[in-house]
Amino acid sequence: MTESTGGEKSSWDVPTGRRTDEWSECLTLIAENQDRAAFTRFFRHFAPLIKAFALSGSTMSQMHADELVQEVMLKTWQKAKAFNPEKAAASTWVYTIARNCRTDMFRRLQKFDTPLAAEDFTPETDSEEPFSILQSKRSSDKIRELMAGLPTDQAQILAKVYMEGKSHAEAAAELDLPLGTVKSRVRLAIQKLQIQIERQ
Amino acid sequence: MTKFHPELHLLTEYAAGDLPLAQSACVSAHMHYCDQCRRAVGQLQDLGGVLLEQLNPEPVGDAMLDAVLARLDEEPPLMYAQTEEVAVSRTPAILRRLMSGDFSDLSWKKVSKALSISYLKTGDSGYEFALYHIKAGGRIPDHDHRGSEMTLILQGGFSDANGSYHVGDFIYRETDDTHAPTALQSEDCICLAVLDAPLKFTGWKHRWMNPFLRLQAG
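So, how was this worked out
Residues numbered from 1 in each chain as written. Chains lettered and ligands numbered in written order. Predicted model: local features only at pLDDT ≥ 70, side-chain atom pairs only at ≥ 80, totals over all residues. Helix = DSSP H or I, 4+ residues; strand = E, 2+ residues; numbered from the N terminus. Buried ≥ 20, exposed ≤ 12 C-beta atoms within 10 Å, placed from the backbone. Contact = placed C-beta atoms within 7 Å. Nonpolar A, V, L, I, M, F, W, Y, C, P; charged D, E, K, R; others polar. Core = buried A, V, L, I, M, F, W, Y, C linked by C-beta atoms within 7 Å. Pairing = 2+ DSSP bridges. Expected span 1.5 Å × (residues − 1). Bend = angle between axes of the 7 residues up to and from the residue. Axes fitted to C-alpha atoms, helices over the stretch in contact; angles between N-to-C directions. Parallel < 35°, antiparallel > 145°, perpendicular 65-115°, else oblique. Left-handed = near helix turned anticlockwise from the far one by under 90°.

**Q** Could you give an account of the overall build of chain A, with specific residues and numbers?
**A** The helix and strand inventory of chain A stands at nine helices and zero strands. When burial is assessed residue by residue, chain A has 40% of its 200 residues classed as buried. Long-range pairs, those at least 24 residues apart, make up 64% of the contacts in chain A with a sequence separation of at least 6.

Listed below in structure tokens is the structure:
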């Protein structure tokens, strides 16, 4: 294990491990009470972000972007029960839904004949993996904090890879950079954000 | 515990949804066996969430909110109900979705005494997605790759000049590597191979095999 758990207790070692931020609470209210007011708050915050996500990199039309926003928001309502505030940040959860919906939409538009939905690519987990819960709870907050210190060229590549959905090779072609440069910027950014890739 | 993993760039592209369908399926199948990569991808997805939060919001009108509110009572599609009951099996879920039944129920094409291949249909026309069955101790002839090759071991194991590989191990080769894997003596080996161009066997004795190994993508 590359990560020591000592010394940083105060910032993240909450006994229950439960997230208490506004958006996780909204999702819990939606899941438990079908709370439409909570959903409306959630929508007003996330729908404009999903729309920005849909339009970044912009191969998607306004019409499809609007369709994507509706689809993602409807899914957050339908799947709210599957959200586990002890396991992930609300933003991570919404991001994976948006990413999957976008992938499915592109495959639909390209008339892919596949039995697989983007959701099927998430591996199932049997165990509770307590260590990973702590890791992931902390990781969102830490990444958010460290993001401010990221050099522009690294942040730009991450935006291309994540928000625009470009592969490293596509990002390299678009920015007219060698593939190796793109890869090393991604690697440096991941290091700076202290994302841990354990290897034995 | 798996020893060979997708490198950081593949995991990042996977987490960001950038990989072609067939390759994404192979990385997903590796994570069935690998806690380390699941945890890494969890954090790489956290990064996606943070980047999403930091976008400049695009205005969304109340009409759309109303349209979504009006649809909240729709029956959700069936797929959301079934996630709970999935029993965790030895075979990665993504492969079970692509196979009807078990390995033994698939149709296998015999390519040599040691090697049989079963092609699975993913819908991704850019890649061949196939299961290789290598008899215990059997050797796959020398071959090189016109494109990239991802391999994931599902049963048994094999070794080549670079080392030996066991269940869950993931190997990614780029163009122009030649290698000749041999299945371990103890049991038959089944692995998933995802190729973006046809394999070409380099030994003259095996040249006749090539017609059997045309790219069968899709």
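This is not the end of the story, as more comes after the structure.
**Q** Go over the overall build of chain B, please, and point to the residues and values.
**A** Of the regular secondary structure elements, chain B holds five helices and 12 strands. Look at the contacts in chain B between residues 6 or more apart in sequence, and 71% of them connect residues 24 or more apart.

**Q** Describe in detail the interface of chain B and chain A, supporting the description with residues and values.
**A** Across the contact, 57 residues belong to chain B and 69 residues belong to chain A. Of all the elements in the fold, those that place two or more residues in the side of chain B that touches chain A are α1 (8-15), α2 (21-33), α3 (35-53), α4 (62-71) and α5 (93-98) of chain B. Tallying contributions element by element places α3(B) first for the side of chain B that touches chain A, with 17 residues. Of the residues contributing to the side of chain B that touches chain A, the split by class is 29 nonpolar, 17 polar and 11 charged.

**Q** Give a description of the nonpolar core that names residues and reports values.
**A** Residues A:Ile50, A:Val69, A:Ala98, B:Cys26 and B:Leu152 are the most contacted members of the largest nonpolar core, which totals 103 residues. Top element by residues in this core is helix α3 (residues 36-55) of chain A. It accounts for 12 residues. The contacts of B:Leu152, once residues within four sequence positions are left out, are B:Cys26, B:Ala29, B:His30, B:Phe170, B:Cys191 and B:Leu192.

**Q** Break down the pairing of strand β5 (residues 149-155) of chain B for me, with residues and values.
**A** All names here are of chain B. With six of seven residues buried, β5 is to be regarded as a mostly interior element. Alignment of β5 against strand β8 (residues 170-173), held across four bridges, turns out to be antiparallel. Counterpart to Thr151 in the pairing with β8 is Ile171. With six bridges connecting them, β5 and strand β11 (residues 189-195) associate as antiparallel partners. Note that in β11 the partner of Met150 across the bridge is Val194.

**Q** Before we move on, can you summarise the pairing of β11(B) with the specific residues and values?
**A** Residue and element names in this part refer to chain B. Counting buried residues along β11, six of its seven residues qualify, which places the element largely inside the surrounding structure. Pairing of strand β3 (residues 128-134) with β11, which is carried by seven bridges, proceeds in the antiparallel orientation. From the neighbouring strand, His133 faces β11, where its bridge partner is Ile190.

**Q** How would you sum up the sheet that holds strand β10 (residues 182-183) of chain B? Please name residues and give values.
**A** Residue and element names in this part refer to chain B. Spatially, three strands are ordered β7-β6-β10 in an open sheet, and the strand pairing comes out antiparallel. Each edge of the open sheet carries a strand with a single partner, namely β7 (163-166) and β10. Where strand β6 (residues 157-160) lies against β7, four bridges are found, and the strand directions are antiparallel. Within β7, the residue paired with Phe158 across the bridge is Tyr165.

**Q** Break down the environment of B:Pro77 for me, citing the residues and quoting the values.
**A** Positionally, B:Pro77 belongs in the loop between α4 and α5. Along the primary structure B:Pro77 and B:His30 are separated by 47 residues, whereas in three dimensions their C-alpha atoms are 28 Å apart.

**Q** Residue-level account of the sheet that holds strand β2 (residues 115-119) of chain B, with values.
**A** Residue and element names in this part refer to chain B. Pairing in this open sheet of six strands is antiparallel, and the strands run β1-β2-β3-β11-β5-β8 from one edge to the other. The open sheet has two edge strands with one neighbour each: β1 (109-110) and β8. As paired elements, β2 and β3 share five bridges and run antiparallel to each other. Considered in β3, the bridge of Tyr119 is made with Ala130.

**Q** Describe in detail unusual backbone geometry, supporting the description with residues and values.
**A** All names here are of chain A. Its identity as a non-glycine residue notwithstanding, Asp176 has a phi of 55 degrees, on the positive side. Of note, Asp176 is situated in the loop between α8 (168-175) and α9 (179-192). Since 6 C-beta atoms lie within 10 Å of it, Asp176 is described here as exposed. Its identity as a non-glycine residue notwithstanding, Gln194 has a phi of 55 degrees, on the positive side.

**Q** Mind laying out α3(A), listing which residues take part and the relevant values?
**A** Residue and element names in this part refer to chain A. A rise of 1.5 Å per residue sets the reference length of α3, with its 20 residues, at 28 Å; its end C-alpha atoms lie 27 Å apart and thus fit the reference within 8%. The principal kink in α3, of about 35 degrees, is found at Phe43. Phi turns positive, to about 80 degrees, at Gly57, one or two residues after α3.

**Q** Break down the environment of A:Thr114 for me, with residues and values.
**A** Its location among the elements puts A:Thr114 in the loop between α5 (90-109) and α6 (130-147). A tally of 18 C-beta atoms within 10 Å means that A:Thr114 is categorised as partly exposed. Here A:Thr114 is in contact with A:Arg107, B:Leu21, B:Thr122, B:Gly123 and B:Asp124, once residues within four sequence places are set aside.

**Q** Describe the packing of helix α2 (residues 22-33) of chain A against α3(A), naming the residues involved and giving the relevant values.
**A** Residue and element names in this part refer to chain A. It is at 8 Å that the axes of α2 and α3 come closest, and there the two elements cross at 140 degrees. One element, α2, and the other, α3, form an angle in the oblique class. Crossing geometry of α2 relative to α3 is assigned as left-handed. Within the contact between the two elements, α2 uses Trp23, Cys26, Leu29 and Ile30 and α3 uses Ala38, Phe39, Arg41, Phe42 and His45. Class assignment for the residues of the contact of α2 with α3 results in seven nonpolar, one polar and one charged.

**Q** Describe the packing of α3(A) against α4(B), and please don't skip the residues or the numbers.
**A** Taken N-terminus to C-terminus, the directions of α3(A) and α4(B) make an angle of 135 degrees; their axes are 11 Å apart at the nearest point. What the angle tells us is that α3(A) and α4(B) run oblique. With respect to the hand of their crossing, α3(A) and α4(B) are arranged in right-handed fashion. Packed against α3(A), whose contacting residues are A:Arg36, A:Thr40, A:Phe43 and A:Ala47, the element α4(B) presents B:Met64, B:Leu65, B:Val68 and B:Leu69 at the interface. Split into classes, the residues belonging to the contact of α3(A) with α4(B) amount to six nonpolar, one polar and one charged.

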